[in-house]
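# Architecture and fold: a report
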Amino acid sequence: MVKLLLDGIEDPSIRYLNGYRAHGGYQSIEKAITMSPLDIVEEVKKSGLRGRGGAGFSTGMKWSFLDRKSDKPRYLVCNADESEPGTFKDRYLMEKIPHRLIEGMIVSSYALGVRHAFIYVRGELIWVAKHLEHAVGEAYSAGYLGNHILGSNFSLDLTIHVGAGAYICGEESALLESLEGKRGYPRIKPPFPAVSGLYGCPTVINNVESIAAVPWIVTHGGDAYSKIGVDKSTGTKLISASGHINRPGVYEIELGLPVEEFIYSESYCGGIKNGRALKAVIAGGSSVPILPAELILKTASGQPRLMTYESLNDGGFTSGTMLGSGGFIVMDDTTCIVRNTWNLARFYHHESCGQCSPCREGTGWMEKILHRIEHGHGTQADIDLLVDVSKKIEGNTICALGDAAAWPVASAVRHFRHEFEFHVRHPDQVTAPNHVANAAAYKYEEITHAKNND
Amino acid sequence: MPKITIDSIEVEVVQGTTIMDAARQIDPHTAPPAMCYHSGLNGSGGKCRTCLVKVVQTSETNPRPMPKLVPACRTLVEDGMKVENNSSPEVISARKGIVELLLINHPLDCPVCDQAGECDLQNLTFQHGAETTRYTEDRRRYPTKSLGNLIQLHMNRCILCFRCVYAADQLTDGRDHGVLNRGDASEIGTYIEKSIDNDFSGNLIDVCPVGALTDKTFRFKSRVWFTKPVYAHRQCETCCGKGVLWLKGHEVLRITGRRNAVGEVTEFICNTCRFESKSLHHWEVEGPAPIDQRSVISQNHYTS
Ligand SMILES: Cc1cc2nc3c(=O)[nH]c(=O)nc-3n(C[C@H](O)[C@H](O)[C@H](O)COP(=O)(O)O)c2cc1C
Ligand code: SF4
Ligand code: FES
């Protein structure tokens, strides 16, 4: 198994500078300062690294869009606001190996011509911010940060900033507003951050995992990185696996691993808990469409589904999903999909910033309809209404939170309509909190009661 | 100068014009509806999403369409851009959706609302709304708040267009007025109910597209269509001194700023003109104020 990001994680001392250096840490900086910044951008382009924050946009491309002609200072901001339900990989990396992110920030800043970089940490992860701050202190004393890094002309300051704990502040422009000390409202784009970002200056925003992959790319070269993985899904990806599996946790996988192997192999999830049947998977964090067992293991055309951007997206939104941020949520046959969808809708309703009308009003409406259906007060028309409301939000909002709220709802109805109908037709049977409509049997009349949803 | 085609009508505009302003140059009545954008307020727009249009060709050099509907008020034109507004079923359907969403928590209390007759939301609903609601849950409710002795806030009616926030920010000093809370719990507020006390605070009433901010000195005095608007001016030290007097007989019931064809206030007026000059002898009357023919106010069967 290749490990680039989590390399050395079994050694607890890697959290500190000496331990990290013993594992070869900070070598990429020595190499980087002998290279020209644009050559590093070129290497990152060659590596095929794609943004690990959710959208999967080429990191090298993003870097090359940075406005280098403007005479304003340039900024690099690391998005460590990880708040997507089901995703907890950045936190793990920062907790265990904070220096890998810091090294990535230094090398990336060098490549982008940045003098001052920021790491925006989610408010709830206060201990992670403390780890990072300690590590930043160590890096300053070792001469990796500050003026004339390792005797070169390159100087960099790195600031850890803690948010107040809002999902919306993970959206890059809301993050910038928050970092500037304002309310975390997403900006209306264009202009994009590459032209006008933090304090109106050209800015690159990348996810923790994207930045942490850069040192390896600089040390070993972009070509070496692009050989890992398959096709356009190069390198490794951290997957945070949770739900009804035997071995939940964060795994570094080589992209291209079959989904079936990931779920059932003893090296990864280790199969479904208590030997139950797999019912559904949310493959990339709560925002991506949910897929039923038969579509997550194999694509609609019968190909084995792989953990890659392309394969998970095979079939578009009709029968596919997205790799997203790698929050892999597994559900067994005791799960009530309606209840799960309601829970997600509740999250998005709570986290909508309220700036634009479709998201502000629509997320609340969807939650209410789902609440009604789940508690046995829904009607057949409510199911269509639900899909219709999700369509009114999707694509019409300022930022992607609206889409993130609409997709899980639309896909749950698309793939598990029978379960919604069951709730409508048998209100008496869905009032117990641990009820479950048995999807595996595909019969409306059959219902099993799990003792508890463990 | 870039040329842009909107619903097959071509218009030439200066560089840096938005699709909205280009469409208004063609005809203010067919331009996309704007509930949040106000040309006199910096940074406004982009929030209500009623002005979404479809860009079928981005520019002369980039013939590709834009992937999503874009807000006309915040998207700049490019040479050779082709836009579909009222001619696109997708746009009309999205607009209907937005109106529905704007109304689900709206109290629909037009019969007792002072804004009725000159309400942008009422007009928008008339044009794009459905006859009935599909929303069966309880509507959001807030207590009515007093923002000082001149302005009343009915948060229930607010559509969170942020116009008043920008107006308060840009026309008055101090930062008392803003949005509290998040998501659909957001509300307009003055921090700890601090009253708005400022020479230009009355303009918040004028920029509000709905009846959320109303004039306390006019509340419940009359329906607007029973009054007659006339243009008038006066010598004023603080503002332009150009207002609209709303008359019933010779009595001045209220005073507002002047509006352009799309209902935006063109020049902001001070509180002395608005609230303390309610008598014809304070003013030099110029003549009847232009009112859109389709507006209920222009029917005006009731005044002498
Ligand atoms: C509502 C919302 C929440 C987001 N939350 C995060 C987040 O917590 N962490 C993150 O890295 N990206 C998040 N993103 C994506 C960022 O906007 C941005 O695309 C990303 O940080 C870019 O980094 P990358 O190119 O390295 O993926 C979020 C996007 C949206 C719309
Ligand atoms: S009170 Fe009026 S102007 Fe202010 S946000 Fe609400 S609707 Fe807009
Ligand atoms: S007028 Fe354009 S979004 Fe409100």
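Residues numbered from 1 in each chain as written. Chains lettered and ligands numbered in written order. Predicted model: local features only at pLDDT ≥ 70, side-chain atom pairs only at ≥ 80, totals over all residues. Heavy atoms only, no water.

On to the overall build of chain A. Per the secondary structure count, chain A includes 19 helices and 13 strands. A compact globule built from 454 residues would reach a C-alpha radius of gyration of about 22 Å, and chain A, at 23 Å, matches this within 12%. The C-alpha extent of chain A, read off along each of the three principal axes, is 75 × 45 × 40 Å. Across the 454 residues of chain A, 63% fall into the buried class. A sequence separation of at least 24 residues applies to 68% of the contacts in chain A between residues at least 6 apart. Accessible surface, chain A as shown: approximately 16,300 Å² in total, 53% of it carbon and sulfur. The distance from the centre of the 45 positive side-chain charges to the centre of the 51 negative ones in chain A is 2 Å. (Helix = DSSP H or I, 4+ residues; strand = E, 2+ residues; numbered from the N terminus. Rg over C-alpha atoms; globule rule 2.2 N^0.38 Å. Buried < 20%, exposed > 50% of the residue type's maximum accessible area, 1.4 Å probe, protein only. Contact = heavy atoms within 4.5 Å. Areas by Shrake-Rupley, 256 points an atom, 1.4 Å probe, with all protein chains shown as cover. Lys, Arg positive; Asp, Glu negative; His and termini not counted. Charge placed at Lys NZ, Arg CZ, Asp CG, Glu CD.)

Scanning chain B from N- to C-terminus turns up 7 helices and 16 strands. Taking 2.2 N^0.38 as the reference for a compact globule, 304 residues should give roughly 19 Å; the C-alpha atoms of chain B span a radius of gyration of 20 Å, in line with that estimate. If you line up chain B on its principal axes, its C-alpha atoms span 60 × 45 × 40 Å. For chain B, the share of sequence-separated contacts (at least 6 apart) that also reach a separation of at least 24 residues comes to 64%. Surface summary for chain B: the accessible area is close to 14,100 Å², and the carbon and sulfur share equals 51%. Between the mean site of the 35 positive side-chain charges and the mean site of the 36 negative ones, chain B shows a separation of 4 Å.

Moving on, we come to the domain arrangement of chain B. Residue and element names in this part refer to chain B. Splitting chain B by domain gives domain 1 (3-102) and domain 2 (222-304). Computed over C-alpha atoms, the centres of domain 1 and domain 2 are 31 Å apart. With 8 residues of domain 1 at the interface, the matching set in domain 2 holds 7 residues. At the boundary of domain 1 and domain 2, one finds 1 salt bridge. At the boundary of domain 1 with domain 2, the tally comes to 4 residue pairs in polar contact (both at pLDDT 80 or more). (Domains from an automatic or database assignment. Salt bridge = Lys/Arg side-chain N within 4 Å of Asp/Glu carboxyl O. Polar contact = N/O pair within 3.5 Å; in protein donor to acceptor, adjacent residues only side chain to side chain.)

Take the pairing of strand β11 (residues 327-332) of chain A next. Residues and elements named next belong to chain A. A large share of β11 lies buried, amounting to 6 of its 6 residues. In β11, alternate side chains face the same way, and those of G327, I329 and M331 on one face and F328, V330 and D332 on the other are all buried. Here strand β7 (residues 236-243) pairs with β11 via 4 bridges, running parallel. By the bridge assignment for β11, S240 is matched with G327. (Pairing = 2+ DSSP bridges.)

Time to look at the site of ligand 2. The immediate surroundings of ligand 2 are formed by C158, I159, L160, C161, F162, C164, I188, C208, P209, V210, A212 and L213 of chain B. For the shell around ligand 2, a count of residues per class yields 12 nonpolar, no polar and no charged. (Near = heavy atom within 4 Å. Nonpolar A, V, L, I, M, F, W, Y, C, P; charged D, E, K, R; others polar.)

Residues and elements named next belong to chain B. The element strand β12 (residues 242-248) is extensively covered by neighbouring structure, given that 5 of its 7 residues are classed as buried. Relative to β12, strand β11 (residues 228-233) runs antiparallel, the two being bridged by 6 bridges. The partner of H233 across the bridge, within β12, is K242. Pairing of β12 with strand β13 (residues 251-256), which is carried by 5 bridges, proceeds in the antiparallel orientation. Within the sheet, the bridge partner assigned to W246 lies in β13 and is R254.

So, on to helix α6 (residues 98-112) of chain A. All names here are of chain A. With 15 residues, α6 should cover 21 Å at 1.5 Å per step; its first-to-last C-alpha distance of 21 Å lies within 8% of that length. Of all the 15 residues making up α6, 15 are buried; the element is thus mostly covered by neighbouring parts of the structure. G113 sits one or two residues past α6 and shows a positive phi near 70 degrees. (Expected span 1.5 Å × (residues − 1).)

This brings us to the sheet that holds β12 of chain B. Residues and elements named next belong to chain B. Taken in spatial order, the 4 strands make up an open sheet running β13-β12-β11-β16, and their pairing is antiparallel. Lying at the two open borders of the sheet, with one neighbouring strand each, are β13 and β16 (284-288). Here the strands of the sheet are splayed against their neighbours by 40 degrees on average, with no regard to which way each runs. As paired elements, β11 and β16 share 4 bridges and run antiparallel to each other. Looking at β16, one finds that V230 is bridged to P288. (Axes fitted to C-alpha atoms, helices over the stretch in contact; angles between N-to-C directions.)

What follows covers the interface of chain A and chain B. Facing the 30 residues of chain A at the interface are 33 residues of chain B. When chain A packs against chain B, the two sides together hide about 2,700 Å² of surface, and 49% of this comes from carbon and sulfur. Between E351 of chain A and R182 of chain B there is a salt bridge whose closest N-O contact spans 3.4 Å. Summed over the shared surface of chain A and chain B, the number is 19 residue pairs in polar contact (both at pLDDT 80 or more). Elements with a minimum of two residues in the side of chain A that touches chain B: α16 (337-351), α17 (357-374) and α18 (380-393) of chain A. (Buried area = accessible area lost by both parts, 1.4 Å probe.)

Now for the site of ligand 1. Residue and element names in this part refer to chain A. If you check the shell around ligand 1, you find 18 residues, and the closest are G53, K62, N206, N207 and S210. At a separation of 3.3 Å, an oxygen atom of ligand 1 approaches a polar backbone atom of R52. Separating an oxygen atom of ligand 1 from a backbone N or O atom of G53 is a distance of 2.7 Å. Coverage of ligand 1 by the protein chains reaches 89% of its 610 Å² of free accessible surface. Ranked by the residues each element gives to the shell around ligand 1, the list is headed by strand β4 (residues 203-207), at 3 residues. Of the residues contributing to the shell around ligand 1, the split by class is 4 nonpolar, 8 polar and 6 charged.

Another point: the environment of S301 of chain A. Residues and elements named next belong to chain A. Mapped onto the elements, S301 comes out in the loop between α13 (293-297) and α14 (309-313). Of the residues examined, S301 reaches a relative accessible area of 54% and is grouped as exposed. A sequence separation of 182 residues divides S301 from I119, and the C-alpha atoms of the two residues are 42 Å apart.

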